[in-house]
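Inside the fold
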Amino acid sequence: MSKVFFRDMEFEVSEGVYQPREDSYLAAEHLWKQEIAGKKVLEVGTGSGFLSVICAKKGAEVDAADINPEALEDAERNAEENNVEIKLFRSDLFEKVEERYDIIIFNAPYLPGESEDQTMEEKAWEGGEGGREVLDRFIREVGEYLKEDGTLIIVQSSITGEEETFEVLEDNGFKGETVGRKKVPWEELQLLEACKF
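For clarity, every value in this text was computed on a predicted model and none was experimentally measured.

Check the secondary structure of the protein and you find six helices and nine strands. In the protein, buried positions account for 53% of the 197 residues. A sequence separation of at least 24 residues applies to 61% of the contacts in the protein between residues at least 6 apart. Of the roughly 9,700 Å² of accessible surface on the protein, 44% is carried by carbon and sulfur atoms.

Below, the structure is given as structure tokens:
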């Protein structure tokens, strides 16, 4: 179990759960500046609940999904420890999602390849063929769950391809822009926002 911090919040993260890193902090700083009180937010692939807790602290009504049961346990504990309420459920992307949201957040797994017998931890990193499979599937499906004037927030890596993501967004009825960047060794982390045409 390790600990990470944001502002006055503390998060515990189990060994088999994605630990918030520079990509998570890039999104966290952006979300912290947004007026999201009263907005209905969904985080897909919540991991430890890091971004979901931050949104709830800002007054949003938050649902959070993950395929990893251990991640959901961490997220539940971290919400409790930070005195916020989050509705948590197990779902493979939108498999169990039934509502529409003002904001949908996804920190996409982006490493190329998929292990034959993928562990839950590998699922947090590996984005399938070319690193785009999971992200492209997310973009194809997300429109059904976003309100007409809703916003999509995607964290990705330059490894995934910024222009490729904008093309897939456009093909699926979204206009996107890059709202944040952070250079780290081997890659640039990118924060994209998109809304329906």
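So, about the pattern of salt bridges. A full pass over the atoms with the stated rule returns 16 salt bridges. With its nearest N and O atoms 3.0 Å apart, the salt bridge here joins Glu10 to Lys3. On the basis of relative accessible area, Glu10 is assigned to the partly exposed category, the value being 34%. One salt bridge in this structure joins Glu162 and Arg181, with 2.9 Å as the shortest N-O distance. Of the two residues, Glu162 sits in helix H6 (residues 162-171) while Arg181 sits in strand E8 (residues 174-184), which places them 19 residues apart along the sequence.

Counting 32 residues, the largest nonpolar core has Phe11, Phe50, Cys55, Ile86 and Ile105 as the members making the most contacts within it. Ignoring anything within four residues of it in the chain, the contact list for Cys55 reads Leu31, Ile36, Val41, Ala60, Val62 and Ile105. Counting residues in each nonpolar core, the second largest holds 25 residues, with Val44, Phe94, Val142 and Phe174 among its members.

Here we come to the packing of helix H5 (residues 133-142) against H6. The interhelical angle for the contact between H5 and H6, taken along N-to-C directions, is 25 degrees, at an axis separation of 9 Å. The angle between H5 and H6 places the two elements in the roughly parallel class. Of the two possible hands of crossing, H5 and H6 adopt the one that is right-handed. Residues Leu135, Asp136 and Ile139 of H5 touch H6, and the partners they reach there are Thr165, Val168 and Leu169. Class assignment for the residues of the contact of H5 with H6 results in four nonpolar, one polar and one charged.

Reading the values: rules and limits
Residues numbered from 1 in each chain as written. Predicted model: local features only at pLDDT ≥ 70, side-chain atom pairs only at ≥ 80, totals over all residues. Heavy atoms only, no water. Helix = DSSP H or I, 4+ residues; strand = E, 2+ residues; numbered from the N terminus. Buried < 20%, exposed > 50% of the residue type's maximum accessible area, 1.4 Å probe, protein only. Contact = heavy atoms within 4.5 Å. Areas by Shrake-Rupley, 256 points an atom, 1.4 Å probe, with all protein chains shown as cover. Salt bridge = Lys/Arg side-chain N within 4 Å of Asp/Glu carboxyl O. Core = buried A, V, L, I, M, F, W, Y, C linked by side-chain atoms within 4.5 Å. Axes fitted to C-alpha atoms, helices over the stretch in contact; angles between N-to-C directions. Parallel < 35°, antiparallel > 145°, perpendicular 65-115°, else oblique. Left-handed = near helix turned anticlockwise from the far one by under 90°. Nonpolar A, V, L, I, M, F, W, Y, C, P; charged D, E, K, R; others polar.

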